[in-house]
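Descriptive analysis of the structure
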Amino acid sequence: MVLASHYDSKNITDRNGREFIGATDSAVPCAILLDLAIQLNCLFEKAQGEKARDITPQIVFFDGEEAYNTWSATDSIYGARHLAQKWEQENKLQDIDIFVLLDLIGTSDVQFHNFFPQTSNAFELLARKEQHLKKDKLLSDNNRILFNTHPYYGGGIEDDHIPFLHRNVPILHLISAPFPSVWHRMSDDAAHIDYHTTEDFNKVFRVAEEKKRNYDMKGGGESTKAIWEIFQLNLFI
Ligand SMILES: [Zn+2]
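The structure displayed is predicted, hence computed values, not measured ones.

As a further point, take the nonpolar core. Ranked by size, the top nonpolar core spans 46 residues in total, and within it F99, V100 and I171 carry the most contacts. Those elements that place two or more of their residues in this core are β1 (2-6), α1 (23-46), α3 (78-89), β3 (99-103), α4 (120-135), α5 (162-165), β6 (171-175) and α6 (195-206). By residue number, the principal contributor to this core is α1, which donates 7 residues. Sequence-distant contacts of I171, that is, excluding residues within four places in its chain, are made with F99, L101, F116, T119, H161, F164 and L165.

Right, dumping it as structure tokens:
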């Protein structure tokens, strides 16, 4: 399983010499993955058994996602194109069960869609998790829908997953659509992060599923993590 986001920011400077920050694009997704790395480490330490040994999460931070000038096939996703080619040559792509890409997360207006039939079950798991958390009143806003269950197949957005998608890697693309209103504006900064929404998104990864699957997590506390369950789904075929 690959979990990825990009860590470069678009090279924009305003007329006062202020540089573009890119809080949603993609500092927050990077922060979510760093947090997840800590969570996963705890889970792996507690988990025993073959299933745990079979799981190899890999966290990737891409450079050069943004175009230097205008987005095109040759001026964008430099790091992702390089890695997809490298892994193809090394025959590593067929080992990826799922490639989860996070992007444009952090504002209050985020919404995520089920873009790919191949990973529908993983997306639907996240949507179910959101419902469970709402039922338990564990999210900050019970009316907002983060994970829209209505399939959005064919509505894919160009991002770091493209060279992997073209090589038949199963993709779960967690990017807000429509894009946050601060997208590629100087206002995409810390002041525009909505911490409630962002924490709600993060909780969907981090917090409990009511009905725990029966795997070796005894002593792992009451909660398991959604992302762990995605590992357990194992098959996306
Ligand atoms: Zn961008």
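After that view, the rundown keeps rolling.
Taken across its 5 residues, β3 has 5 buried, putting it largely inside the fold. Direction of pairing for β1 relative to β3: parallel, over a ladder of 3 bridges. Within β3, the residue paired with L3 across the bridge is V100. With 5 bridges connecting them, β3 and β6 associate as parallel partners. Paired with L101 across the two strands is H173, which belongs to β6.

The rules behind the values
- Residues numbered from 1 in each chain as written.
- Predicted model: local features only at pLDDT ≥ 70, side-chain atom pairs only at ≥ 80, totals over all residues.
- Core = buried A, V, L, I, M, F, W, Y, C linked by C-beta atoms within 7 Å.
- Buried ≥ 20, exposed ≤ 12 C-beta atoms within 10 Å, placed from the backbone.
- Helix = DSSP H or I, 4+ residues; strand = E, 2+ residues; numbered from the N terminus.
- Contact = placed C-beta atoms within 7 Å.
- Pairing = 2+ DSSP bridges.

Scope: geometric values only; no functional claims are made or implied.
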